[in-house]
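If you want the building blocks of each chain, they are given just below.
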Amino acid sequence: MTTTPFIGLTMPVFNAFGFFSEENAVKFALDQMEQFISGLHANLSRDTQVLMPHFGLDKETQGVYLARALETGNDLYISWHLKPNTMRMAVNQTDRALLTKAFKAIQKNHSAWMSALGELPDTWELRLQQMEHNPETGESTNYKDLFNDKVANLTPVLSTELVERMIYLNGEDKWLTTIQLTNKVSSDFVSAMGAKVTTQFAEQLDDMLPLLRLLAGGVKSSGRKLAKGKKRTVARKKGSATSASAMADKRTEEFTFNALLKPLHIRKGFINMTPTHWPFFQINSRTTVREITLRYDNNVDKDSTVWRLVPDDRARIVLSDKAQHWLEDNFVANDEVQVHATKLNQDIEIEIALVQSE
């Protein structure tokens, strides 16, 4: 068990995987990476942990992984590898039987597939690879790429054609078609997250859960409901969200935003807004936290705050323990909560009202 504290995937961790790294530097970097994947798994929602129960350090490739199976190649797995300038994250499915299940799940739920891909940042790339397979040796070699481009360039029509083709090819012993999604993030961006990198990536994976379920062969949601005896507050009609252009106006005295809640948000007690919303709370360029008055379900709370997240300046409401329990009791994953923020007393005080939307 390591005694070195986890400080994040800092620049020394990235630089350890350069051409002239020293043994002690690599050892420290691998230790930090192992703590990163352990912390990431611990911060995942329960549903994502169930889907990807295994995690660890791969010393051979000097990377870390989450996986559905003990042997990563036997099912869906996600890997992270570092270079001095980048972190590469890859979602892989290479098992023939499970690929066939995945293709059929995608074919059956094609709109959900396209929607899940559309939720990914535009830096993500998709590779659909046709492999030439030798049934006698079990070896596969690259034949050609059916698609290898930005996810945003995959149209619904092309996707439908490719899925049909992959199902057909995977039915032939001499072919194997695989799926890989990759994203590269700059080392500066990741390093700036500090020790919070585990929660940031856990949140990202929780957001990707519908996509991961499809790639795992159409695994169903656990369908978790509110605990017995818990009642939702009365829903109110959802108001219109304030546009980004209106938020850009520095004279804005109030705004309304409909926030989508993910499992991690409910469990940890926070509500994400956007970088567009942070200037509303900012006092000056050094502001990182703003005190607020929070109102919800006839409660007035003075212990919640709004934080500025590094590095994209996203605004986040960090709830008090009491407010977090209210959120947990009244919302489930993929519910929306409406945030209505108002400036009071010549901008000295900010009041936020949380409303359960219809």
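A quick note: this is a predicted structure, and the numbers were derived from the prediction, not measured.

(A) Examining the packing of helix H4 (residues 96-108) against helix H6 (residues 156-170) more closely. Relative to each other, H4 and H6 sit at 150°, their axes nearing to 10 Å. Classed by the angle they form, the pair H4 and H6 counts as roughly antiparallel. Crossing geometry of H4 relative to H6 is assigned as left-handed. From H4, Arg96, Leu99, Thr100, Phe103, Lys104, Ile106 and Gln107 reach across to H6, where they touch Val163, Glu164, Met166, Ile167 and Asn170. Of the residues assigned to the contact of H4 with H6, the class counts are six nonpolar, three polar and three charged.

(B) Main features of unusual backbone geometry. Positive phi, normally seen in glycine, also occurs at Gln62, with a value near 60°. Take Gln62: it is sitting in the loop between strand S1 (54-58) and strand S2 (63-67). The phi angle at Asn334 is positive, at roughly 75°, despite the residue not being glycine. Counting through the fold element by element, Asn334 comes out in the loop between helix H13 (321-330) and strand S15 (336-344).

(C) Seen up close, the packing of helix H5 (residues 110-118) against H6. Contact geometry for H5 and H6: axes closest at 11 Å, N-to-C directions at 120°. Compared by their axis directions, H5 and H6 come out oblique. In terms of crossing hand, the pair formed by H5 and H6 is right-handed. Contacts between H5 and H6 involve His110, Trp113 and Met114 from the former and Pro156, Ser159 and Thr160 from the latter. A breakdown of the residues in the contact of H5 with H6 according to their chemical character gives three nonpolar, three polar and no charged.

(D) How the structure looks around the sheet that holds strand S16 (residues 349-356). Ordered by their spatial adjacency, five strands build an open sheet running S8-S15-S16-S11-S12, and the pairing between neighbours is mixed. Both outer strands of the open sheet, strand S8 (254-260) and strand S12 (299-301), are each paired with one neighbouring strand and no more. Strand-to-strand twist across the sheet, computed as the mean angle between neighbouring axes with direction ignored, equals 20°. Here three bridges tie strand S11 (residues 293-296) to S12, and the two strands are oriented antiparallel to one another. Within S12, the position partnered with Arg295 by the bridge is Val300. Across the sheet, H13 lies against S11, S12 and S16, angled at about 30° from S11, the strand it touches most.

The rules behind these values
Each chain carries its own residue numbering, running from 1 in the direction its sequence is written. Predicted model: local features are reported for residues with pLDDT of at least 70 only, side-chain atom pairs are reported and counted for 80 or more only, and whole-chain, interface and lining totals are derived from all residues. As a rule here, side-chain values cover all heavy atoms of the structure and leave hydrogens and water aside. Fitting a line to C-alpha atoms yields each axis, with helices limited to the stretch in contact; the angle taken between N-to-C directions then spans 0 to 180 degrees. Each helix is a run of H or I in the DSSP string that is no shorter than four residues. Each strand is a run of E no shorter than two, and both are numbered from the N terminus. In these notes the angle categories are as follows: under 35 degrees is roughly parallel, over 145 is roughly antiparallel, 65 to 115 is roughly perpendicular, and the rest is oblique. Left-handed describes a crossing whose near helix is turned anticlockwise from the far helix through less than a right angle; right-handed describes the clockwise counterpart. Any two residues having at least one pair of non-hydrogen atoms within 4.5 Å are treated as being in contact. Amino acid classes used here: Ala, Val, Leu, Ile, Met, Phe, Trp, Tyr, Cys and Pro are nonpolar; Asp, Glu, Lys and Arg are charged; the rest, including Gly, are polar. In this scheme, strands are said to pair when DSSP sees at least two bridges between them.

None of the figures reported here should be taken as evidence of function without further support.
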